[in-house]
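# Architecture at a glance
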Amino acid sequence: MELKHLKAFVEGSSNFEIRVITHSGSRFYQVELEDVEGSRHMLTQRGKPMLFRSLDDVYLELKRADIHRAYLVQHVPHDEMIGRAAHYSEPLTSRMPLVF
């Protein structure tokens, strides 16, 4: 989803969730939107996923789209390596609320 489409989506809908995704050991962040139907859309620029170097950069872009809440989700490969199921969608075990 391009940034301009994100802005239009936010203006027309209030039932969605924004996730800021990072992988352990990575210095980059990606932004994902999940709509009410459960479809997930990565934030893209010219058809390629947008990568952010800091949370401040993420906050700036999301504020431009009039978004002030998101969840930080950190993928930890350790869980998958030891055979434990990854719990990325359970709010108390893997997501941290962000308000900016």
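Refer to the structure printed above.
Residues numbered from 1 in each chain as written. Predicted model: local features only at pLDDT ≥ 70, side-chain atom pairs only at ≥ 80, totals over all residues. Heavy atoms only, no water.

Now for the packing of aromatic side chains. The final tally for this structure, using the stated rule, is 2 aromatic pairs. A ring pair is formed by phenylalanine 9 and phenylalanine 16, whose centres lie 5.7 Å apart and whose planes are at 70 degrees; its orientation type is edge-to-face. With 4.5 Å between their ring centres and 15 degrees between their planes, tyrosine 59 and phenylalanine 100 make a pair best called stacked. On the criterion of sequence distance, the pair formed by tyrosine 59 in helix H2 (residues 55-64) and phenylalanine 100 in the segment after strand E7 (95-99) is long-range, its members being 41 residues apart. Across the pair, phenylalanine 100 and tyrosine 59 agree in class, each one buried. (Phe/Tyr/Trp six-rings, centres within 6.5 Å; stacked < 30°, edge-to-face > 60°. Helix = DSSP H or I, 4+ residues; strand = E, 2+ residues; numbered from the N terminus. Buried < 20%, exposed > 50% of the residue type's maximum accessible area, 1.4 Å probe, protein only.)

Using a probe with the size of a water molecule, rolled over the atoms, empty space left in the structure can be pinpointed. Approximately 230 Å³ is the volume found for the largest pocket. As for the largest pocket, its lining consists of 15 residues, and the residues nearest its centre are Phe16, Ile67, His68, Arg69 and Ala70. Mapped onto the lining of the largest pocket, the elements with two or more residues apiece are strand E1 (16-23), strand E6 (69-75) and E7. Looking at the lining of the largest pocket residue by residue, the classes come out as 9 nonpolar, 3 polar and 3 charged. (1 Å grid on protein atoms, 1.4 Å probe; cavity = no way out; pocket = protein on both sides within 12 Å on 5 of 7 lines; lining within 4 Å. Points joined across faces, edges and corners; volume = space filled by probe spheres on them. Nonpolar A, V, L, I, M, F, W, Y, C, P; charged D, E, K, R; others polar.)

Applying the stated criterion to the full structure yields 5 salt bridges. For glutamate 34, the salt bridge identified is with arginine 19, shortest N-O distance 2.6 Å. Remark: arginine 19 occurs in strand E1 and glutamate 34 occurs in strand E2 (residues 30-35); sequence separation between them is 15 residues. When its relative accessible area of 7% is taken as the criterion, arginine 19 is described as buried. With a closest N to O distance of 3.5 Å, glutamate 34 and arginine 40 form a salt bridge. Bridged by salt links that share partners, the residues Glu17, Arg19, Glu32, Glu34 and Arg40 form one connected network. (Salt bridge = Lys/Arg side-chain N within 4 Å of Asp/Glu carboxyl O.)

Interpretation in functional terms is not warranted from these geometric data alone.
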